[in-house]
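Observations on the three-dimensional arrangement
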Amino acid sequence: MKKRPLLQAFAALALWPAFTLPAQAQDFPPKKPVTLVVGFAAGGAADAAARLIAKKLGENIGQTVIVDNKPGAGGNIAHQFVATAPGDGATLLFGSIGPLTIAPHMMKLGYDPVRDLAPITMGVNFPNVLVVHAGVGVKTLAEFVALAKKKPGSLDFASTGAGSASHLAGELFNARAGIETVHIPYKGGAPALQDLLGGRIASYYSTPATAGPHIESGKLIPLATTGLGRPAFMPNVPTIAESGYPGFNATNWYAFVASSKIPKPLLDRWNLELVKVLNAPDVREQLLKHGLTPQPGTRDELARFMASESATWGKVVRERKISAE
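Source: prediction; values computed, not measured.

1. Describing helix α12 (residues 299–320)
A rise of 1.5 Å per residue sets the reference length of α12, with its 22 residues, at 32 Å; its end C-alpha atoms lie 32 Å apart and thus fit the reference within 8%. Its buried side turned inward, α12 meets α4 (97–102), β4 (117–127), α7 (165–177), β10 (251–259) and α10 (264–279). With its phi angle positive at about 55°, Lys 321 sits one or two positions after the end of α12.

2. Focus: the environment of Phe 173
With respect to the secondary-structure elements, Phe 173 resides in helix α7. Distance from Phe 173 to Ile 240, taken between C-alpha atoms, is 8.5 Å for residues 67 residues apart in sequence. When residues no more than four places from it in sequence are discounted, the contact partners of Phe 173 are Leu 141, Phe 144, Val 145, Gly 178, Ile 179, Tyr 205, Ile 240, Tyr 245 and Phe 248.

3. Quick look at the pattern of salt bridges
Inspection of the entire model under this criterion finds 15 salt bridges. Residue Asp 88 pairs with Lys 32 through a salt bridge whose shortest N-O separation is 2.8 Å. Residue Asp 88 is located in the loop between α3 (76–83) and β3 (91–96), and its partner Lys 32 is located in the loop between α1 (3–25) and β1 (34–38); the two are separated by 56 residues in the primary sequence. Accessibility expressed as a relative area gives 26% for Asp 88, which makes it partly exposed. Classification of Lys 32 by relative accessible area gives partly exposed; the value is 42%. Glu 285 serves as the salt-bridge partner of Lys 289, at 3.8 Å between the closest nitrogen and oxygen. Taken together, the positions of Lys 289 and Glu 285, both in helix α11 (residues 281–289) and four residues apart, correspond to about one turn of that helix.

4. What to know about the packing of aromatic side chains
The tally for this structure, following the rule as stated, stands at nine aromatic pairs. Between Phe 28 and Trp 270, the ring centres sit 4.8 Å apart and the planes meet at 75°, which makes this aromatic pair edge-to-face. A residue pair is termed long-range when its members are at least 10 positions apart, and Phe 28 in the loop between α1 and β1 and Trp 270 in helix α10 qualify at 242 residues. By relative accessible area, which is 0% here, Trp 270 ends up buried. With a centroid separation of 5.3 Å and an interplanar angle of 70°, the aromatic rings of Trp 253 and Phe 305 are classed as edge-to-face. Here Trp 253 is found in strand β10, whereas its partner Phe 305 is found in helix α12, with 52 residues between them in sequence. Under the relative-accessibility criterion, Trp 253 is labelled buried at 0%.

5. Describing the nonpolar core
Phe 144 and Phe 173 are the most contacted members of the largest nonpolar core, which totals 49 residues. Ranked by residues supplied to this core, first place goes to α7 with six residues. Grouped together as the second largest cluster of nonpolar side chains are 33 residues, Ala 46, Leu 57, Leu 92 and Leu 266 included.

6. As for the sheet that holds strand β6 (residues 156–159)
Sheet architecture is open: five strands sit in the order β7-β6-β8-β5-β9, paired in mixed fashion. In this open sheet, the two strands that pair with only one neighbour each are β7 (182–185) and β9 (220–225). Across the sheet, the axes of successive neighbouring strands diverge by a mean angle of 30°, strand direction being ignored. Relative to β7, β6 is paired through four bridges, and the arrangement is parallel. Counted as the bridge partner of Ser 159 is Pro 185 from β7.

7. Considerations on the confidence of the model for the chain
Here the chain averages 90 in pLDDT, while 92% of its residues score no lower than 70. When the criterion is pLDDT under 50, residues 5–25 qualifies, and its contacts beyond four places in sequence or with other chains add up to two contacts.

8. Remarks on the side chain of His 167
One can find His 167 in helix α7. Here the side chain of His 167 touches Gly 163 through a polar contact of 2.9 Å, landing on its backbone nitrogen.

What counts and what doesn't
Residues numbered from 1 in each chain as written. Predicted model: local features only at pLDDT ≥ 70, side-chain atom pairs only at ≥ 80, totals over all residues. Heavy atoms only, no water. Helix = DSSP H or I, 4+ residues; strand = E, 2+ residues; numbered from the N terminus. Expected span 1.5 Å × (residues − 1). Contact = heavy atoms within 4.5 Å. Salt bridge = Lys/Arg side-chain N within 4 Å of Asp/Glu carboxyl O. Buried < 20%, exposed > 50% of the residue type's maximum accessible area, 1.4 Å probe, protein only. Phe/Tyr/Trp six-rings, centres within 6.5 Å; stacked < 30°, edge-to-face > 60°. Core = buried A, V, L, I, M, F, W, Y, C linked by side-chain atoms within 4.5 Å. Pairing = 2+ DSSP bridges. Axes fitted to C-alpha atoms, helices over the stretch in contact; angles between N-to-C directions. pLDDT = per-residue confidence, 0-100. Polar contact = N/O pair within 3.5 Å; in protein donor to acceptor, adjacent residues only side chain to side chain.

Laid out in structure tokens, this is it:
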């Protein structure tokens, strides 16, 4: 009669390693260097923000955090790489609005942002700024629109890739202004800026961090920002919304995501650590100087936000009949 409890105890003991393996796999920090993947070329806003955050994160967790730039396809290459990464929690992605909420409506992807990538926390949010080089000969948004209407198809605009925030901002403005500026995709903000400064393209819906120094030097002319209100770092630049296009809003953002194969407890821990970094006064100050507003939050908040953004931009893609280029 006493054998049954004893047998049950041995059975439980035999199963003990199977129950503890997941916990061992969730060791934090990971035993190998952490990789923070960025989908754009070095030198742009995403890269600068990622390196700032990675440095602080590494200090906090006592582990090396390497920034790995994987530009191309508007960031989709990096997102697919992380979607198929091991579930050990050592690979994170500084994901962006395009691959997470726009590209799925434009093209067939090798990953599903909802199924294959798990939200961790929002990173930063900011408006883009429409800038032109001096040779274009315009100083206001109204003059830019007038020139585009006078010479249809003669003006072009750069973006960080098909389906990126800068691409959709340009398409949305084309629709609202009744103009047709030509989209030129690049692999990141740095190469786009290089061609803009060289006069090889007319305009660019740039991140503030990328364009700011060249606006201050007078090499680039800011026409308008893409958010609903004037950002604190560019108080003298009007918004597109206040320049005759009420309600125009096309903000850019980067968020932290990782492979959905990573166990929930480990994703929760990454949320805790990244929120701590984004709330750090020194990190926040540096991000704000670059025109990037930190917006740390919960994993559920990011999931809901991405769903809302996907619905918004999916509608723009359908109405404008935008496809991958």
